[in-house]
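Here is how the chains run, residue by residue.
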Amino acid sequence: MQSQFLVLITLLATSVVGILPAAENAPPANIDFYKLYDNPEAHIGVRDRRTTRERISAHGYPAEHHHIVAEDGYIVGVFRIPYSHKLQNQNEYRPIVLIQHGLTSCSDAWILNGPNDGLPYLLADAGFDVWLGNGRGNTYSRNHTTRSTEHPYFWRFSWHEIGYYDIAAMIDYALEVNGQGQKSIHYVGHSQGTTVFFTLMSLRPEYNEKIKTAHMFAPIAIMTNMENKLVRKVGPYLGHQNSYSLLFSDQEIVPYNNILLSMFSNLCEPDQMLRPVCENALERLYSGGRVNMSAMPEGMATHPSGCSANQMLHYLQEQQSGHFRQYDHGPKKNLEIYKSEQPPDYPVENISSKLHLWYSDNDNMAAVEDVWALADRLPNRELHRMGDPMWDHGDFALNMEVRKYLNEPVIEIMKKFEEANKEM
């Protein structure tokens, strides 16, 4: 979604402009000006953006908003569906599931498909305690115990810190708040949500004991064969420590602008008068019936959700180096931090938890060859190749048949694990 953000802005603006000539050319006799200007519904007012909690509650599910303090002082916002209002199972054993979003995304991404297809709703209705994470720096995680978002030090992190600190804090917090004495959870991540998992489990292997099953949608670690054209164009410039990357680092990639975000929210929410403008722009970008077009406008209302430029720089470094390794600060600083001029590779061989790698042939971010190269280094993994040859990176979230081909199989694996390993 992030790669098409600027295109969408242009299309939205074009759509608005396109409305004006039509109004100017309409015969005066067809317009009831008194009704037009006296109708209170015609006056456009800016509403506050709905949070993940409010969006979940709108479908009748119980929803909670939690704030978790990570070890290094960042405060991340996490949402929870503690039980299903359909099952009324609040007093029953509910296995914990943590779901983590991708780059420039947030917890809203998982609920766009609605209760019939969205993974969090399906999990809740299957009897799980569902937690939706947010990495530091996005819409719901813009707080720190001492630092302001206005200071560049706030943005001095990559996805390394999201994995090492944020995901660890989320796991521990969910286990404690659940209150049922559970020792481990299920995990689901998409794209960057997989990278941060690999980071945590390889560097803090004790956390593997807290994982029942882990599901990696479009796993991103090794990036040698990535076909994304933008990444390949900018990689030689920004994928190394030089003056270009230095100017780009330690800042928010898309500066947070509440007015702009509110504008998109007010354009694209289901009950807004200008929703057709948003729908028209999206229809110009997406075709072929693969994407859930009912969900896409709400995606525009919630994305992009913010991130540090260092997260993108770190990915570009991976693509250029061909390694899955820690952030490259340059030879001098690397010597101080890592005791070597090159950053160390993540020891993914330490990941002992059971990993399910869900990948596809048409993914220009997670190439099949790169997924296989990663899988060869993982001691406990199972590969799931999507049968649809056209399945791409975004399909893992918004494909029209994501429930059938991905969500239901994932839930079935979790349920089988629970049946075979009852904790209570």
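Procedures and definitions
Residues numbered from 1 in each chain as written. Predicted model: local features only at pLDDT ≥ 70, side-chain atom pairs only at ≥ 80, totals over all residues. Heavy atoms only, no water. Buried < 20%, exposed > 50% of the residue type's maximum accessible area, 1.4 Å probe, protein only. Helix = DSSP H or I, 4+ residues; strand = E, 2+ residues; numbered from the N terminus. Pairing = 2+ DSSP bridges. pLDDT = per-residue confidence, 0-100. Contact = heavy atoms within 4.5 Å. Phe/Tyr/Trp six-rings, centres within 6.5 Å; stacked < 30°, edge-to-face > 60°.

1. Examining the pairing of strand β8 (residues 355-359)
The buried fraction of β8 is high, at five of five residues. Here β8 shows two buried faces, one formed by L355, L357 and Y359 and the other by H356 and W358. Where strand β7 (residues 211-217) lies against β8, four bridges are found, and the strand directions are parallel. Bridging from a neighbouring strand, A214 pairs with L355 of β8.

2. Structural notes on the confidence of the model for the protein chain
Per-residue confidence for the protein chain gives a mean pLDDT of 84, with 77% of residues at or over 70. The model gives residues 39-46 a pLDDT under 50, and that stretch makes eight contacts with residues more than four places away or in other chains.

3. Here we look at the side chain of N89
Position of N89 relative to the elements: it lies in the loop between β2 (74-81) and β3 (96-100). In this structure N89 comes out as buried when scored by relative accessible area, which is 3%. Once residues within four sequence positions are removed from consideration, N89 is found in contact with Y83, S84, R94 and G127.

4. A closer look at the packing of aromatic side chains
Scanning all chains against the criterion turns up 20 aromatic pairs. Between the aromatic rings of F217 and F396, the centroid separation amounts to 6.1 Å while the plane-to-plane angle is 25°, which identifies the pairing as stacked. Taken together, the residues span a long stretch of sequence, with F217 in strand β7 and F396 in helix α15 (residues 395-398) at a distance of 179 residues. A single burial state applies to F217 and to F396, both of which are buried. Among the aromatic residues, those joined into a ring-pair cluster are W110, F217, W391, F396 and Y405.

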